[in-house]
Amino acid sequence: MNPARSAVARAVAAVPRAQAARRFSVVAAKATSARAATRVAAPAVQSMVQQRGVKTLDFAGTKETVWERSDFPKEKLHQMFANDTFAVIGYGTQGYAQSLNLRDNGLKVIVGVRKDGHSWKQAQKDGWVPGETLFDIDEAAKRGSVVMFLLSDAGQKEGWNIIKPHLTKGKTLYFSHGFSVVFHEQTGVIPPKDVDVILAAPKGSGATVRSLFLEGRGINSSVAIYQDVSGKARERAFGLGVGIGSGYLYETTFEKEVYSDLTGERGVLMGAIQGIFKAQYEVLRAKGHSPSEAFNETVEEATQSLYPLIAKNGMDWMYANCSTTACRGALDWAPEFYKATKPVFERLYASVENGSETRRSLTENSRPDYRQRLEAELKEIADMEMWRVGKTVRALRPENQ
């Protein structure tokens, strides 16, 4: 996602004044510079200045081609998809966001969910009309020329036999995750040979996909082609990626998308970060630090001050704009954490690659008591002292006063 136009000082302000003065004296002097959003939109590009419309960029010595929203203006999208009906199957975080963004982009969209269920009622609140733009899954799949299969991974396994009969010759089957196709031996999802099969995977939650679209920005997404029967699948995949709200897109494969995605979620994006936060917080508390101090030094400073600086200009820039003591310590200890964690990441990737993670996900998420078990696990996290302290700390941020 592209940097937001707001001051770095806003990020620093949430940290205790003494911390800000100690570690960000240089940054404070540059308070008018732009602050990046919480998730990096594009890798840092070296040896060239990025210009709008440039297609081949140098990513640290590797040339890659990217597509931008400007390559697919609304007029082009309307022309490209003039005869299409997008049937969004599922109204979870991605189904909700992508269907609304497509609708707001002026394309013909219908939604397919279980009739009278929670998602059906939510879709009605968002303006989808039963019998006109809101149908059960079977009817929506039948009506759509582009069937956007956006149920959960476990839901796709269960729902495949419902939509499969409607994937007739000439249609397009769309995914936002390569999970079901790559691990078809576990899911049973094997696309017919006479349909295009494409993927556009936003690098963020559906909530972010929608909010960035409404802000006039756009999330970054990957695109992949599994089958190109029509000869037009690639261009349509990138166009659809823009239609759902992407700002820029890069190409991958179904397999690489799912391997990197599952590794990232279990690793630095979610799993590893919770584990590391918890470990440091507990050490500080055991050594007599107060809850507020432990939280500020573990979570608040990271999320409100340091991570935005990394997103803005990279790790080296953040190091250079901290105190010499902080920089020296980080340089010395980074190799220790690298040595400690790389074997864990190697085990994690192997678990993804051999299908173990898929089996566990499908088994756990298909349990009849899945929702109750999930809520219990999330409550356990919410009830941790660290995150209970976080509620109080967040309330003290200037913007929350």
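Just above sits the structure.
Only a predicted model underlies this, so the values are computations on that prediction, with no experimental measurement involved.

Draft legend 1. Structural detail: the pairing of strand β5 (residues 86-89). Neither face of β5 is open: one carries F86 and V88, the other A87 and I89, and all of them are buried. In this structure, β5 lies alongside strand β6 (residues 109-112), joined through 4 bridges in parallel fashion. When the sheet's bridge partners are listed, I89 is paired in β6 with G112. Handedness of the crossover is the feature at issue here: the chain leaves β5, passes through helix α5 (residues 93-104), returns alongside β6, and the resulting connection is right-handed. One ladder, built from 4 bridges, connects β5 with strand β8 (residues 146-149); its direction is parallel. Within the sheet, the bridge partner assigned to A87 lies in β8 and is V147.

Draft legend 2. Summary view of the packing of aromatic side chains. Considering all chains together, one arrives at 13 aromatic pairs under this definition. An angle of 75° between the planes, with centres 5.2 Å apart, marks the rings of F81 and F86 as edge-to-face. Classification of F81 by relative accessible area gives buried; the value is 3%. Site record: aromatic cluster; members linked through ring pairs are F149, W160, F175, Y226 and F254. Lying across the ring of F72, K76 places its NZ or CZ 4.6 Å from the centre. For the cation-ring pair, R103 lies above W128, with the distance from its terminal atom to the ring centre recorded as 4.3 Å.

Draft legend 3. Here's a closer look at the nonpolar core. F86, L102, W128, M148, Y174 and L240 are the most contacted members of the largest nonpolar core, which totals 32 residues. Broken down by secondary-structure element, the contributors of at least two residues to this core are α4 (74-80), β5, α5, β6, α6 (118-125), β8, β10 (196-202) and α12 (233-243). In terms of residue count, α12 provides more of this core than any other element does, 5 residues in total. Beyond its immediate stretch of four places on either side in the chain, Y174 contacts Q98, V146, V147, M148, F149, L150, I198, A200, L240 and I244. Listed in part, the 22 residues of the second largest apolar core include V147, F149, L173 and F254.

What counts and what doesn't
- Residues numbered from 1 in each chain as written.
- Predicted model: local features only at pLDDT ≥ 70, side-chain atom pairs only at ≥ 80, totals over all residues.
- Heavy atoms only, no water.
- Buried < 20%, exposed > 50% of the residue type's maximum accessible area, 1.4 Å probe, protein only.
- Helix = DSSP H or I, 4+ residues; strand = E, 2+ residues; numbered from the N terminus.
- Pairing = 2+ DSSP bridges.
- Right-handed = clockwise from strand over helix to strand, strands pointing away.
- Phe/Tyr/Trp six-rings, centres within 6.5 Å; stacked < 30°, edge-to-face > 60°.
- Lys NZ or Arg CZ within 6 Å of the ring centre and 35° of its normal.
- Core = buried A, V, L, I, M, F, W, Y, C linked by side-chain atoms within 4.5 Å.
- Contact = heavy atoms within 4.5 Å.

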